[in-house]
Amino acid sequence: MKKSELIGALFLFVFGGIGCFEALKLEIGTISNPKTGFFPFLLAVGLLLISGVLIIKSLSMREEKSDDTPGFWEGVPLKKILLVVGGMVLYGFLLEPLGYLIATTLLIAFLFKVARPQRWRWLSVFVWSAGISIITYVLFKVWLQVQFPVGLLAALI
Amino acid sequence: MGLWDSILYGLSVSLSPEGLLACFSGVLIGTLIGVLPGIGPVATMSILLPISFKMSPASATIMMAGVFYGAMYGGSTTSILVNIPGETASVVTCLDGYAMARKGRAGAALGISAFGSFIAGTMGVMGLALVAPPLAETALRFGPTEIFCVLLLGFAMITYLARGSTLKAIAMGIVGFMLATVGIDSLSGTARFAYGSITLMDGLGLVPVVMGLFGVSEVLWNIDKVTNRDIFKTTFQGLLPSGRDWKDSAGPIARGGILGFFLGILPGVGAIIPPFISYALEKKLSKHPERFGTGEIAGVAGPESANNAATAGSMIPLLTLGIPPNAVMAVLLGVFLIHGVPPGPNLMQEHPEIFWGVITSMYAGNVMLIILNLPLIGIWVKLLKIPYEILFPMILLFCLIGVYSVSNNIWEITIMIIFGVVGFLMKKINYEPAPLILSLVLGRMAEESLRQALVISKGDLGVFFQRPISRMLLIFFLILVFAPLISPPVKRIFQKSKQHGD
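Residues numbered from 1 in each chain as written. Chains lettered and ligands numbered in written order. Predicted model: local features only at pLDDT ≥ 70, side-chain atom pairs only at ≥ 80, totals over all residues. Heavy atoms only, no water.

1. Considering the confidence of the model for chain A
Taken over all residues, the pLDDT of chain A has a mean of 77, while the share at 70 or more is 75%. By mean pLDDT, helix α6 (residues 153–156) of chain A is the weakest element of chain A at 50, and helix α3 (residues 78–98) of chain A is the strongest at 86. (pLDDT = per-residue confidence, 0-100. Helix = DSSP H or I, 4+ residues; strand = E, 2+ residues; numbered from the N terminus.)

2. What about the interface of chain B and chain A?
Contact with chain B, which involves 55 residues of that partner, is made by 61 residues of chain A. Surface buried jointly by chain B and chain A totals about 5,100 Å² across both partners, of which 80% is contributed by carbon and sulfur atoms. Of the charged contacts in the structure, one is a salt bridge between E5 of chain A and K168 of chain B, with a shortest N-O distance of 3.0 Å. For the interface between chain B and chain A, the tally reads 1 residue pair in polar contact (both at pLDDT 80 or more). Only α8 (166–180), β2 (191–192), α10 (206–222), α18 (388–407), α19 (410–428) and α20 (433–456) of chain B provide two or more residues apiece to the side of chain B that touches chain A. When residues of the side of chain B that touches chain A are assigned to their parent elements, the largest contribution, 12 residues, is made by α18 of chain B. Of the residues in the side of chain B that touches chain A, the class split is 39 nonpolar, 7 polar and 9 charged. (Contact = heavy atoms within 4.5 Å. Buried area = accessible area lost by both parts, 1.4 Å probe. Salt bridge = Lys/Arg side-chain N within 4 Å of Asp/Glu carboxyl O. Polar contact = N/O pair within 3.5 Å; in protein donor to acceptor, adjacent residues only side chain to side chain. Nonpolar A, V, L, I, M, F, W, Y, C, P; charged D, E, K, R; others polar.)

3. A short note on the pattern of salt bridges
Residues and elements named next belong to chain B. Taken as a whole, this structure holds 2 salt bridges over all chains when the rule is applied. E282 is the salt-bridge partner of R255, the closest N and O atoms lying 2.9 Å from each other. Placement of the pair is R255 in helix α11 (residues 243–265) and E282 in helix α12 (residues 273–285), with a sequence separation of 27 residues. For R255, a relative accessible area of 33% puts it in the partly exposed group. With relative accessibility at 3%, the residue E282 sits in the buried group. (Buried < 20%, exposed > 50% of the residue type's maximum accessible area, 1.4 Å probe, protein only.)

4. Let's talk about the side chain of S314 of chain B
All names here are of chain B. As for its placement among the helices and strands, S314 is situated in helix α13 (residues 298–321). The class of S314 is buried, set by a relative accessible area of 0%. A distance of 3.0 Å separates the side chain of S314 from the backbone oxygen of T311, its partner in a polar contact. Every residue in contact with S314, bar those within four places of it in the chain, is listed here: F68, G264, I265, P325, N326 and M329.

Quick look at the structure:
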């Protein structure tokens, strides 16, 4: 069986199951008179069926077993990706308390460092990223009139 | 309005300062991302969604369309010079285009590719102007029954032609529909799957999902993957192809244009499949098929024309029926929805400024593109040297700001990131995002039209077969579902391009 396929199909199966369960809590109605829960239920059942087939298929797929075969995460810079995702999530939560300028400077600096750890020194990174945040701030706030949180900087005003 | 009057009206929209600026920005950005590998038109359009808010619907549409066909021009540049396709529709151009560059004929390749794109693009736009209005007239007779059937058919085609496993594509479509049900049910007013969260009660926003699934996931996918190659150092004398080149390319351009236009109309095809089919066609028709792959100009002229004509063709279902035939058009549909423009058969009547504005802007756009692509090629080549490590933080920042600017809700940022990760994992195990996006966008419409149709017919399901148009659509649907069992050759053609498409 091919593990990655199986896991994917299992996820879908679980998703379908949850969907079914939740849809049943709503009124279903009949096919001639569908109510709120009708479609979600139908869809969830469909998903269960299809993911069931995918599960069975994945069980019968042969895992490519040889020493040359790359593992699932081969070629994927997992650490970088996790850092990038983590950085973005953190940005989302820090954006309002810290304000746009500070949060963005931190984010860009972080991302540049993650991308090429050796190439950047902390100081130049911060200078560049502060510059970028200011430029984008002007771009978005002035030109496109986006509302940005001021955050910490409000204390300075 | 007669055709000529409509075109003049459209020109008044597209040649206005706002329209021209939108068109120019669109084609410029399109060329840029077409040249740069690692980001494609769908991701870019998704990222531009928030910016499009500030524009009028017509200008927003003009800009987005410009990004799409602009990317087709830009993509050929990297294919020819670096053997890396700037985006998927230009994969075929790598074959003979790069070979020509190696022979010192990069100039001719670039030139014929730009001119071919221009000619075919213009052909496509003219086709669009001629075919769309009558089709839109027919579409006016569409009620909820017909709309549901069209959606069903479109969805079937997209899953049928999806690259990779059809089952997986259907599963993705179902997931998309399920996600579309999150929020307040319009026909009954009850909240579904909202779990008390105010964010979710509004429904899963199209913007965070699309930006996450296409934008963020593409960046995550390409971290570390996009390396700099040596750009072909040719000093090309001129970008004008020789007379001989023109002679050899005239047929391919014409055929590619027609082929691309008609194929682009079909749901699920987009601009990616036509170039492959054009290449195969030209090879079959050529007097020297063995030369293909060594630098045969027909192998560049045909596909490049096909992908540009296909962009025009793929706009037809969206502009006339409100049905997006592929992921790019689905994002464009999202633009309409965000601006409160109800897509559908009435678009031409109720928003002629969008309809004719876009069509006429494509003329202007093609002209701008040929100016941008030929003389300015040196600039694009220099841009290829920007390392991805600098680009991707900027792209991610635009995504983050973009999502935030739509609703000022940090939870939407989180939703976007979640879908970014999901999109990445999906790519890893070969699940297509396109059907998911399509059904997310269309899901509400599909459910509503089905329920409306049933309300009108008082629960009678037979109504779908009684009304002539929907009966016809349903028959197509059934043919499509059972076709693979009946005609293996048809499926084989598409299978072949599926494999190359990855």
